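Here is what each chain is made of, one letter per residue.
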Amino acid sequence: MSIEEYLNFIENEQCDLLVKANEIRFNTYSNQVTFSRNYFVPVTRQCRNNCTYCSFSNSDVSSWVTPSQFQIHLAEAKKNNCFELLLTMGEKPEERYESARQFLKRYDFNSSTEYVAYLCELALEKKILPHSNLGVLDYEELSVLKTVNVSMGLMLESSSSRLLKKGMPHFNSLGKDPVKRLETIENAGKLKIPFTTGILVGIGETWKERIQSLLDIRYLSKKYDHIQEVIVQNFNPQSNTLMKNHPPPSERDFLLTVALARLILPSNVSIQVPPNLNIQRIVKALTYGANDLGGISPVTPDYINPNEPWPNEYELKQHLKQEKFALIQRLPVYTKYIKYLSKELKNIINQL
């Protein structure tokens, strides 16, 4: 189908769109809804980008997690039966901050990628599975991280270069160039890294741009068969950002985007919606095509959206059960993609 035909679904044939999306979702996943119990570690908030909606990044070198602090995090993750360790950070902070370069030098690392790879090794020693999302990475960096991650991620957000222009949300943010982000996702495909990506809905993109972003993800998914899930994330304004007064997408627009994602993407690619951003419409999102709720932590907050706490796992399970859905825990790597992992990583998974 062409972009124009998808646009027609949005404008004139919404009922058909919802019926088709619902049919694909239930034929493929039945009533199952998956999630991963995770522990979220922001390695540093220093970042080279300047996204106008981001409340995560700052210039403070004290935001770096030291190796000794990381060991405390690992103990907490183990105590709370978190199989997934979600590692995020600002993108390539050493390119912007001398203090970041000094921090890495203090521990004998040449780059933030090397440092995160070391942290992943520490996690694997504790039988905790790392999932790293570090922003734009080149082929060599991905190759290093592949050996110590069971899966990785990078939000495409949007494949529209228009959002890089002055006055738009990605202005003066080198790593938000969609060409670079798509290249990272493609290189992950070449390396057979089980991968998570997604789009950010409501930051100023048009319907045409949303559809194009999903089509770009579909192309890479079909070419390399490495994208295990796609997040459809609704913009959530933060009070300490330039876009604090920018409205979030309407429920209608968000849910229609979920349905479009289910229609456009291969049926075996999970559609994920963040449960803490959609607590009142989780069931609606599931009937519109979503089947996964991503990481839910019993310990750590969502550092990207700190104003939105995670739902309680037990309460969520009971709520979904009343609505005839079964909440099922999964690993950060989907079963289908374990075949892409090294023998060492497979051995650790088999011990869980």
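Remember, it's a predicted structure, so these values are computed and weren't measured experimentally. (Residues numbered from 1 in each chain as written. Predicted model: local features only at pLDDT ≥ 70, side-chain atom pairs only at ≥ 80, totals over all residues. Heavy atoms only, no water.)

K.L.:
Just to check I follow, could you spell out the pairing of strand E2 (residues 84–88) for this structure?
P.N.:
Along any regular strand the residues' side chains alternate between the sheet's two faces. Taken across its five residues, E2 has five buried, putting it largely inside the fold. Summarising the sheet, strand E1 (residues 32–42) and E2 pair through five bridges and their orientation is parallel. Looking at the pairing, Asn38 lines up with Glu84 of E2. What joins E1 to E2 is helix H3 (residues 67–79), and the crossover it makes is right-handed. (Buried < 20%, exposed > 50% of the residue type's maximum accessible area, 1.4 Å probe, protein only. Helix = DSSP H or I, 4+ residues; strand = E, 2+ residues; numbered from the N terminus. Pairing = 2+ DSSP bridges. Right-handed = clockwise from strand over helix to strand, strands pointing away.)

K.L.:
What is the right way to look at the state of the cysteines in this model?
P.N.:
Taken as a whole and judged by the stated rule, the model has zero disulfides. Here Cys51 is not disulfide-linked; the sulfur of Cys54 is the nearest cysteine sulfur, at 6.1 Å. Cysteine Cys82 shares no disulfide, and the gap to the nearest cysteine sulfur, in Cys120, comes to 16 Å. (Disulfide = S-S within 2.5 Å.)

K.L.:
Is there a simple way to explain the UniProt feature "domain: Radical SAM core" (unreviewed entry) in the protein chain in this structure?
P.N.:
Mapped onto the present numbering, the UniProt feature "domain: Radical SAM core" (unreviewed entry) falls on residues 33–276. Structurally, residues 33–276 is divided into 36% helix and 17% strand, and its ends, taken at the C-alpha atoms, are 15 Å apart. (UniProt positions renumbered as here; feature names shortened; annotations may be inferred.)

K.L.:
Hey, could you run me through the pattern of salt bridges in this one?
P.N.:
When the charged atoms of two side chains with opposite charge come close together, those side chains can pair. Enumeration over the complete set of coordinates arrives at 16 salt bridges. A salt bridge links Glu229 to Arg330; the shortest N-O distance between them is 3.0 Å. Residue Glu229 is located in strand E6 (residues 227–234), and its partner Arg330 is located in the loop between strand E9 (326–329) and helix H12 (343–350); the two are separated by 101 residues in the primary sequence. The exposure class assigned to Glu229 is buried, which follows from its relative accessible area of 5%. Judged by relative accessible area, Arg330 falls into the buried class, the value being 12%. Notably, a salt bridge pairs Glu251 with Lys284, separated by 2.8 Å at the nearest N-O pair. One end of the pair, Glu251, is in helix H9 (residues 251–264); the other, Lys284, is in helix H10 (residues 282–287), with 33 residues separating them in the sequence. A relative accessible area of 42% means that Lys284 is categorised as partly exposed. Through salt bridges that share partners, Arg48, Glu91, Glu95 and Arg181 make up one connected network. (Salt bridge = Lys/Arg side-chain N within 4 Å of Asp/Glu carboxyl O.)

K.L.:
What is the right way to read empty space enclosed by the protein from this model?
P.N.:
With a probe scaled to a water molecule rolled over the atoms, the places where space remains empty come into view. Overall, the coordinates contain two cavities of 30 Å³ or more when judged by the stated rule. Put simply, the second largest cavity is a space of about 30 Å³. What lines the second largest cavity is simply Glu157, Ser158, Ile199, Leu200, Glu205, Glu209, Arg210 and Ser213. Broken down by secondary-structure element, the contributors of at least two residues to the lining of the second largest cavity are strand E5 (195–201) and helix H8 (207–224). (1 Å grid on protein atoms, 1.4 Å probe; cavity = no way out; pocket = protein on both sides within 12 Å on 5 of 7 lines; lining within 4 Å. Points joined across faces, edges and corners; volume = space filled by probe spheres on them.)

K.L.:
Which parts of the structure should I look at to understand the layout of surface pockets?
P.N.:
Of the volumes computed, that of the largest pocket is approximately 200 Å³. Lining of the largest pocket is provided by 13 residues; of these, Tyr29, Thr34, Ser270, Asn291 and Tyr334 occupy positions nearest its centre. Where the lining of the largest pocket is concerned, the elements lending two or more residues are helix H2 (14–29) and E1. Ranked by residues supplied to the lining of the largest pocket, first place goes to E1 with three residues. The residue makeup of the lining of the largest pocket, split by class, is four nonpolar, seven polar and two charged. (Nonpolar A, V, L, I, M, F, W, Y, C, P; charged D, E, K, R; others polar.)

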